[in-house]
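What follows is the residue order along each chain.
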Amino acid sequence: MTLTPDWRGERRPGTVVVRDGVIEAVGDVAVPADLPVVDASGCLVLPGFVDPHTHLGVHAEGEGWHGADVNEKGEPRGARLRSWDGVDPADRGFADALSAGVTTVAVLPGSANVVGGQTAALKTWGATVEHMLLRAPLGVKSALGENPRKGSSGPSTRMGVAAALRDAFAAAARSAAQRERARAAGDPVDPPTGAERDAEVLARVLSGELLWHQHAHRADDIATAVRLADEFGYRLVLNHVTEGHRVLDLLAERRLPAVVGPLLTSRSKPELRHRSMAVPGLLAAAGVPVALTTDHPVVPVQLLPVSAALAVKEGLDRDEALRALTLNPARILGLDDRVGSLAPGLDGDLVLWSGDPLELMSRAVHVLLGGRPVYRWADGAGEVAEQDGTWRRL
């Protein structure tokens, strides 16, 4: 096999050994006689890409209301909602992801509500959600800016959205304290219901157990996201960050992780008026941890490496672009113990590329999840493995 473990473009001959779904060894190692061999001659072998902000499975392309399970109407603060309860593994987007070497995705609720619900990390192949789940919940999705103001219910101004979040976190802190006092006193504690379940989930955000995925495009919304995180002390992950370059010092000083994108969109609403493909490079150069996203289906997930290539064209360091597709999103989401790099002990999620993935004509010719072949390019078309071992032509 051919490896690029240091992202420096040095093609090093070597072997990746995957046993029982896990990488056992990488580099100049002997090929075990008891394992099947995949010949990667002439290919680049990279870890599967990670898209840290998608709506795969909960917002199917071209299906209208039937495939839109991404925003729950009437739930402006629905922390108890779980994205993975709405995932359809048959969504064509999962196969599209594999065709571009994307093997792990975070599936988030939408941004119509102030609090959209809980998020999950999924592998992009499997018959059921249980088979695909990597980790759930990862965190809780929240939105600032235009979307929650014009959503189905809830506040209609930016100050109203911020106040709703403060109220929700304050209620969560009170509820957690009350339940803890009851436990300490030996009093019975009833299972939480309704709004109490929302508060219980938000209490896990306050304790640092869960991430806070904050949708924020405009510079003032980014600053509000930081202000709220300072007040309540939770682990903030900024999503979209369209005007991050306008508050660069704020983000750089705190090294707040930024999930940037989607880049391949028009300036379709006022808060996107400063959208620029140069933003990832500006943030990364300032020391901000950057990951790239398609926000599928806003931009089709198979265009994730294309987005990275365009960011490089506009100033993002080439090595950093590959990290923004692999190790950086894995670290930001707390998944780097499983995915994001080629290292012993991590999942055997490998992609064999015909060439540099940042070159338009390169393609993923073979994709393995946990060492199992799940996608291949054969006879001029992509094929996805079925559960019974047969291959389905796309």
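Our structure's up above, just so we're on the same page.
Residues numbered from 1 in each chain as written. Predicted model: local features only at pLDDT ≥ 70, side-chain atom pairs only at ≥ 80, totals over all residues. Heavy atoms only, no water.

Q: An account of the overall build of the chain is requested, with residue identities and associated values reported.
A: Looking only at helices and strands, the chain features 11 helices and 20 strands. Taking 21 Å as the expected radius of gyration for a compact globule of 394 residues, we find that the chain reaches 21 Å, a close match to that expectation. Burial status across the chain gives 54% buried among its 394 residues. Sequence separation of 24 or more characterises 64% of the internal contacts of the chain that already satisfy a separation of 6 or more. In the form shown here, the chain has an accessible surface area of approximately 16400 Å², with 50% of it arising from carbon and sulfur atoms. (Helix = DSSP H or I, 4+ residues; strand = E, 2+ residues; numbered from the N terminus. Rg over C-alpha atoms; globule rule 2.2 N^0.38 Å. Buried < 20%, exposed > 50% of the residue type's maximum accessible area, 1.4 Å probe, protein only. Contact = heavy atoms within 4.5 Å. Areas by Shrake-Rupley, 256 points an atom, 1.4 Å probe, with all protein chains shown as cover.)

Q: Just give me the short version of empty space enclosed by the protein, but keep the residues and values in it.
A: If you walk through the whole model with that rule in mind, you get 2 cavities of 30 Å³ or more. The computed volume of the largest cavity comes to approximately 60 Å³. Together, His 240, Val 241, Thr 242, Val 260, Gly 261, Pro 262, Leu 263, Arg 275, Ser 276 and Val 279 line the largest cavity. Classifying every residue of the lining of the largest cavity by side-chain character gives 5 nonpolar, 4 polar and 1 charged. Each pocket or cavity is described by its volume, and for the second largest cavity that value is around 40 Å³. Lining the second largest cavity, in full, are Pro 47, Gly 48, Thr 103, Arg 338, Val 339, Gly 340, Ser 341, Asp 347 and Asp 349. Class assignment of the residues belonging to the lining of the second largest cavity gives a composition of 2 nonpolar, 4 polar and 3 charged. (1 Å grid on protein atoms, 1.4 Å probe; cavity = no way out; pocket = protein on both sides within 12 Å on 5 of 7 lines; lining within 4 Å. Points joined across faces, edges and corners; volume = space filled by probe spheres on them. Nonpolar A, V, L, I, M, F, W, Y, C, P; charged D, E, K, R; others polar.)

Q: I'd like a description of unusual backbone geometry, backed by residues and values.
A: In this model, Ala 136 is joined to Pro 137 through a cis peptide bond whose omega is -5°. A cis amide bond, omega 10°, links His 296 with the succeeding residue Pro 297. With respect to the helices and strands, the residue Pro 297 is situated in the loop between β15 (290-292) and α9 (304-313). Phi angles above zero are rare outside glycine, and Asp 379 is one such case at about 55°. When you line up the elements, Asp 379 lands in the loop between β18 (372-378) and β19 (381-385).

Q: Give a description of the sheet that holds strand β7 (residues 102-107) that names residues and reports values.
A: Taken in spatial order, the 4 strands of this open sheet run β6-β7-β9-β10, and their pairing is mixed. Of all the strands in the sheet, the pair left with one neighbour each is β6 (49-54) and β10 (133-135). Here the average twist between neighbouring strands, direction ignored, is 30°. As judged from the 4 bridges shared by β6 and β7, these two strands associate in the parallel manner. Bridging across to β7, Phe 49 finds its partner in Val 102. (Pairing = 2+ DSSP bridges. Axes fitted to C-alpha atoms, helices over the stretch in contact; angles between N-to-C directions.)

Q: Account for the layout of surface pockets, naming residues and giving values.
A: Within this model, the largest pocket holds a volume of roughly 760 Å³. For the largest pocket, the lining is made up of 39 residues, of which Val 70, Asn 71, Pro 109, Gly 110 and Ser 111 are closest to its centre. Of the residues assigned to the lining of the largest pocket, the class counts are 9 nonpolar, 21 polar and 9 charged.

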